[in-house]
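Chain and residue survey
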Amino acid sequence: MSAKSRLAIATLGAPLLFQMAAMAQVTEPGVKDRARSAATVSRARTGSSDALQSNYVTPGLSGQAITTVDGKTGFIANLSCQKTSTLLELLVQPGSTGDLTQVRISHDRDFDGRFDSQTLLPVPVSGICANGVIACNPGTWEGCRYYGWAVDGALKINLAQTQMTSLSGCYCINNSCGTNLAWGNISEVLKDLGGGVVGALTTADPRIGVAQAQVEGAMIRYTGAQTTSCTAQPEISATRYRSNPTDIQGDATSVSQASSVFQALAGSAAGSGKTEQVRSCSIEREVAVKEWRFDDIVAVRGSVSKVTSCGTDCRRYEIRGSGSCGSVPPIYSATFEPLAPARIKSARIVEMGADDWVQARVNGKIVGYAGKRPWLGEALPSGDCRISDDPWYNRTAIDITSQLTSGATVVGARVRGGGGGNWGYVTLEVQVDTGCETTERLVDLCSGYGADPQCRLKSESVDDVVTFNNGVGTGLLPLPQTRTLGTGSCAVQLTRDFFRKDRRYACIIDTGGQATPDLSRAAYIIDRSTETVLNDRIQAADGSVQETSRAFSMPTQDSVAACEPICKTRKARTNSDAAPDGVVGELQTSAQGWDSYYHACSADNVCPAGDGEEIVSACGCLDDFPEAVTMMQTVRLAGADLVCTAGAQ
C-alpha cells in the first residue's frame with residue numbers, strides 16, 4: 001500500500017472515506033466536466049498578460065465594469081482617484097534616412113481629459129533605449145549623443161543629455177542598420193518609446209497608473225489614472241525607500257512594535273519559548289441618564305374628579321362627591337401609589353369644601369373637616385342637614401408626605417348634605433422632583449487578570465490613548481474627558497478622568513498536565529490496511545474495542561499528461577542593438593539574427609505561432625534545459641572576464 005493512500009486513510013477515517021468514495025463514483029463525470037469547463041473559462045480570461053490587462057487592469061483603472069470569470073456578475077471597482085482617456089499621446093514621423101525626424105508628446109497632467117503639455121523632441125531619433133533615445137548624424141551611427149527621459153516638478157516631459165552607460169536596451173533604427181526599420185517595426189518602436197516616457201513619468205509621480213496602450217498608425221495613446229495616494233503630494237511612504245533603502249530596517253522595527261500580529265507571534269510559544277495566552281478585557285464607566293415625568297413618580301386611581309396644575313412639578317387632585325341626609329354619608333376615595341418615593345417632595349391636603357359637611361380621611365383615619373360645626377368622629381354631626389347658607393371651606397394644610405412616601409395612600413372625602421347643596425370635596429396637592437437622574441458605575445472585567453500572578457499587563461489604552469505598550473509604560477496620559485450624555489432636556493455634561501480602558505494581559509498557561517492525543521487508532525489503520533482492505537479499531541463509549549475489516553477502493557483517477565505541451569518558434573530580426581562601441585550587428589559576420597519564442601499549445605495540440613514566426617519544435621514535452629544552462633554559463637563566464645574601472649568621465 002502506498003504511503004499516500006495510507007495517509008489518506010489515517011487522516012480521514014473509515015466512514016468518511018467510504019462516503020467520499022461513493023459520492024466520487026456517482027458524481028465524478030459531472031464534477032470533472034464542470035472543473036474542466038471552469039478551468040478553460042478562467043484560462044481564457046487570465047491566461048496571458050494581454051488577457052489580464054483587457055479583462056481586469058484596464059477596466060479597474062478606467063472605471064469600467066469588471067465581470068466574474070463566468071461573466072454572470074459585473075461590478076465597477078473604484079481603484080483610482082482621477083482618470084483620463086488621454087493621459088499621453090506619442091506621435092512619430094520617420095524620415096528618408098530612417099531616423100525619426102519628429103517625435104511629438106502630448107500629455108494630460110491634471111487628468112481633466114485635455115492635453116495641457118506638448119513636447120517636441122529637439123533632436124532626430126536614431127536609436128531607441130528603454131529609458132531614453134540616441135541622436136546621431138541622420139542616416140549614420142556617427143556623432144551620436146545620448147539622452148535620457150526626464151520629468152520636472154511640473155510633470156513636463158523632456159530629454160536630459162547623459163552617457164551611453166546610463167541607458168539600457170538600446171537599438172538602432174536608421175539606415176545605418178538596415179532599410180525601413182522604423183516603418184517596418186512601427187508598433188514596437190512606439191511601444192518602446194512610449195514605455196520609456198511612461199516609466200519616467202511614473203517614477204516622478206508614483207500615483208500615476210497606465211491602464212491601456214493603443215497603437216494607431218504612427219501614434220500610441222495611453223489611458224491613465226491616478227492611483228495609490230489620493231493626495232496633492234506625489235510622495236508616498238513606499239517610494240521613499242528607493243533613495244534611502246537603509247530606512248527600511250528602522251521603520252520595520254517601529255511598525256513591529258505597534259503591530260498586534262507581530263507582538264502576538266513574538267509572545268507565542270515559538271517566539272518566547274513560553275506558552276502564553278493573550279487575553280483582552282476592559283474597564284468601562286457606564287453612565288445612564290434618566291428623564292423623569294410626573295406619572296413616573298406617582299400613580300393615581302379612584303374618584304378623582306379634577307386634576308389641575310399648581311406650578312412646576314406640582315399637581316392638585318380633587319376628590320368630590322354628593323352627600324345624603326337620609327342615609328349613611330358616602331365616602332369617595334382615591335388611591336395614590338408612590339412609584340419613586342424619593343422623588344416626592346411633599347403631599348398636603350390644602351383645601352376642604354362642602355355644603356353642608358365634608359370629612360377628610362387618610363388611610364381610613366379622620367384628619368380634618370369643613371362645615372358649620374366640627375365633625376371629627378364616626379357619628380353624624382349635630383344640626384340641621386338641610387341649610388341654604390353659603391358653603392363652608394377649610395384651607396388649613398394637612399401634611400401627609402410621610403404616609404405617601406411610605407406606600408400606597410388612600411385619601412377619602414365623606415360627604416353629608418341636603419337641600420340646596422349636597423356636595424363636598426377634598427383637594428390633595430402633590431409636589432415631585434422631575435429633574436434628570438444620572439447614575440454611573442465602573443464595570444471592571446480586568447480585576448481577575450490583574451490579580452493573577454501568572455498574568456502581566458501587555459498593553460493598555462485609556463480613551464484611545466496608548467499608556468502601556470509591550471509591557472512598558474509610554475508615559476502618555478489622557479486629559480480629563482468631558483462628554484455630553486442623554487438627549488433633549490436631559491442632556492448633561494460629565495467630566496471624568498477616563499471613560500474606558502482597554503487592556504491586554506499575557507498569561508502563562510501550564511500545559512504540563514495536558515494529555516497527549518491518542519494516535520493508536522490511526523497507527524492501527526496504517527499498519528493493518530491495504531489498498532483493497534480497510535482494517536479499523538473503534539472504541540465504544542463503554543470502553544470496549546471493536547475491530548472491523550471491510551473492502552476499500554479509491555475512485556479511478558484520470559491519466560495526467562506528462563507535461564503541458566509547448567512549441568518553440570523563431571522570428572528573423574536584424575541585430576540593431578547598440579552599445580558604447582557601436583551597433584552590434586556591424587561587429588558580426590552577419591547582422592541577421594533570430595528571436596526565439598515558446599508558446600503553450602492549444603487543447604487540440606496546435607502551436608499558436610505569431611506573425612512572421614516559423615516553428616522550430618512542434619508541440620510536445622520540450623526540454624531545452626541544456627541550452628538554457630549553456631546560455632547562463634556563457635553569461636557567467638563573460639561576466640568573470642569583465643574588469644570594472646573607476647575614473648573621471
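A few points on the structure. Here the structure is a predicted model, which means the values were calculated and not measured.

Brief notes about the state of the cysteines
Two cysteines form a disulfide when their sulfur atoms are joined by a covalent bond. Under the counting rule described, the total for this entry stands at 10 disulfides. Between the sulfur atoms of Cys 172 and its disulfide mate Cys 177 the distance is 2.0 Å. Disulfide Cys 172-Cys 177: torsion about the S-S bond near 110°, hence right-handed. Across this residue pair, the class does not change: Cys 172 and Cys 177 are buried. The disulfide bridge from Cys 310 ends at Cys 314, spanning 1.7 Å between sulfur atoms. Disulfide Cys 310 to Cys 314: torsion about the S-S bond roughly -95°, handedness left-handed.

Here's the deal with the packing of aromatic side chains
All chains considered together, the criterion is met by three aromatic pairs. Their ring planes at 75° and their centres at 5.2 Å tell us that Tyr 317 and Phe 336 sit as a pair that is edge-to-face. A residue pair is termed long-range when its members are at least 10 positions apart, and Tyr 317 in strand 16 (residues 314-322) and Phe 336 in strand 17 (residues 331-338) qualify at 19 residues. Comparing Tyr 317 with Phe 336, the two get one shared label, buried. Note on Trp 423 and Tyr 425: the rings are 6.1 Å apart at their centroids and 15° apart in plane angle, and the pair reads as stacked.

Quick word on unusual backbone geometry
Non-glycine residue Asn 180 carries a positive phi angle of around 60°. Phi angles above zero are rare outside glycine, and Asp 464 is one such case at about 70°. If you trace the backbone, Asp 464 turns up in the loop between strand 26 (455-462) and strand 27 (465-469). Judged by relative accessible area, Asp 464 falls into the exposed class, the value being 75%.

Examining the sheet that holds strand 6 (residues 127-129)
Paired through backbone hydrogen bonds, the strands of a sheet run either parallel or antiparallel to each other. Sheet architecture is open: five strands sit in the order 9-8-7-6-10, paired in antiparallel fashion. The two strands at the open ends of the sheet, each matched to only one other strand, are strand 9 (157-162) and strand 10 (171-172). As paired elements, strand 6 and strand 10 share two bridges and run antiparallel to each other. The partner of Ile 128 across the bridge, within strand 10, is Tyr 171. Helix 5 (residues 186-204) rests against strand 6, strand 7 (132-135), strand 8 (145-151), strand 9 and strand 10 of the sheet, and its axis sits at about 50° to strand 8.

Looking at the nonpolar core
Side chains of a nonpolar character, in soluble globular proteins, are inclined to be buried together. Core analysis: the biggest nonpolar cluster contains 33 residues, and Leu 90, Val 92, Leu 100, Trp 149 and Leu 193 have the highest contact counts within it. When contributions to this core are tallied by element, the ones reaching two or more residues are strand 3 (82-94), strand 4 (100-107), strand 7, strand 8, helix 5 and strand 12 (219-226). With eight residues, helix 5 is the largest single contributor of residues to this core. With sequence-adjacent residues up to four places away left out, Leu 100 is seen in contact with Val 92, Gln 93, Pro 94, Pro 124, Val 125, Ile 173, Ala 182, Val 189 and Leu 193. Counting 28 residues, the second-largest nonpolar core is a separate cluster that includes Phe 336, Ala 340, Ile 398 and Val 415.

Rules used throughout
- Residues numbered from 1 in each chain as written.
- Predicted model: local features only at pLDDT ≥ 70, side-chain atom pairs only at ≥ 80, totals over all residues.
- Heavy atoms only, no water.
- Disulfide = S-S within 2.5 Å.
- Buried < 20%, exposed > 50% of the residue type's maximum accessible area, 1.4 Å probe, protein only.
- Phe/Tyr/Trp six-rings, centres within 6.5 Å; stacked < 30°, edge-to-face > 60°.
- Helix = DSSP H or I, 4+ residues; strand = E, 2+ residues; numbered from the N terminus.
- Pairing = 2+ DSSP bridges.
- Contact = heavy atoms within 4.5 Å.
- Axes fitted to C-alpha atoms, helices over the stretch in contact; angles between N-to-C directions.
- Core = buried A, V, L, I, M, F, W, Y, C linked by side-chain atoms within 4.5 Å.

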